[in-house]
Amino acid sequence: MDAPTLAGRFRLSETPFDVASLRAELLDGRVGGYASFEGWVRDHNDGRTVIGLRYEAYETMALAEGERILEDARTRFAIQDARCVHRTGELAIGELAVWVGVTAAHRDAAFAACRFVIDEVKARVPIWKHERYAEGGADWLHPG
């Protein structure tokens, strides 16, 4: 699998990526807890059958806002580190669309920060989803 593009803590990737290598970036002797989230492409949304989708991002702004979110998590929660990768381009049902990993000395902070990161990415990062439906038609979606 290809590595995500760009080397920051928040990344965009046009190709599938390896979660194990991303998790390995977070390994640290000070860490006692790790939490992660994986978001996959599902086959339905709002009562409609989804057959595929495309993610598009305003790359410069997405990378900058994603980095701000990860830094916000580091200042709000007692965490050691955090990473996030979001796919762009065409994705099929079942493909991994977004991954978040957070490490901390203790699990509570890792869980809370992981939830914070994915919620903020979905609300603040300029990434749009173009879903295609089995009955025909398509819609652009962006939460928040």
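Residues numbered from 1 in each chain as written. Predicted model: local features only at pLDDT ≥ 70, side-chain atom pairs only at ≥ 80, totals over all residues. Heavy atoms only, no water.

Caption draft 1: How the structure looks around the packing of aromatic side chains. Tallied over the full model, the rule gives one aromatic pair. Ring geometry for Phe77 versus Phe116: centroids 5.5 Å apart, planes at 55°, classification tilted. Here Phe77, found in the loop between helix H2 (59-76) and strand E5 (79-87), pairs with Phe116, found in helix H3 (residues 107-124); they are 39 residues apart in sequence, far enough to count as distant. Taking the relative accessible area as the measure of exposure, Phe77 reaches 22% and is therefore partly exposed. For Phe116, a relative accessible area of 11% gives the class buried. The residue whose ring lies beneath Arg23 is Tyr34, and the NZ or CZ to ring-centre distance is 5.2 Å. (Phe/Tyr/Trp six-rings, centres within 6.5 Å; stacked < 30°, edge-to-face > 60°. Helix = DSSP H or I, 4+ residues; strand = E, 2+ residues; numbered from the N terminus. Buried < 20%, exposed > 50% of the residue type's maximum accessible area, 1.4 Å probe, protein only. Lys NZ or Arg CZ within 6 Å of the ring centre and 35° of its normal.)

Caption draft 2: Layout of H3. The first and last C-alpha atoms of H3 sit 25 Å apart over 18 residues, in line with the 26 Å expected at 1.5 Å per residue. Residues of H3 that are buried: Ala109, Ala110, Ala113, Cys114, Phe116, Val117, Ile118 and Val121. Against strand E1 (10-13), strand E2 (33-40), H2, E5 and strand E7 (96-104) lie the buried residues of H3. (Expected span 1.5 Å × (residues − 1). Contact = heavy atoms within 4.5 Å.)

Caption draft 3: Structural detail: the nonpolar core. Core analysis: the biggest nonpolar cluster contains 30 residues, and Phe10, Ile79, Cys84, Val102 and Val117 have the highest contact counts within it. Broken down by secondary-structure element, the contributors of at least two residues to this core are E1, strand E4 (48-57), H2, E5, E7 and H3. Sorting elements by how many residues they give to this core places H3 first, with eight residues. Not counting chain neighbours up to four residues away, the residues in contact with Cys84 comprise Arg9, Phe10, Arg11, Leu70, Val98, Trp99, Val100, Val117 and Val121. (Core = buried A, V, L, I, M, F, W, Y, C linked by side-chain atoms within 4.5 Å.)

Caption draft 4: Local environment of the side chain of Asp81. Counting through the fold element by element, Asp81 comes out in strand E5. Asp81 sits in the buried class, given a relative accessible area of 10%. Here the side chain of Asp81 touches Arg74 through a polar contact of 3.5 Å, side chain to side chain. Other than its neighbours up to four places away in sequence, Asp81 contacts Arg9, Leu26, Arg74, Gly101, Val102 and Thr103. (Polar contact = N/O pair within 3.5 Å; in protein donor to acceptor, adjacent residues only side chain to side chain.)

Functional significance is not addressed by these values, which are geometric in nature.
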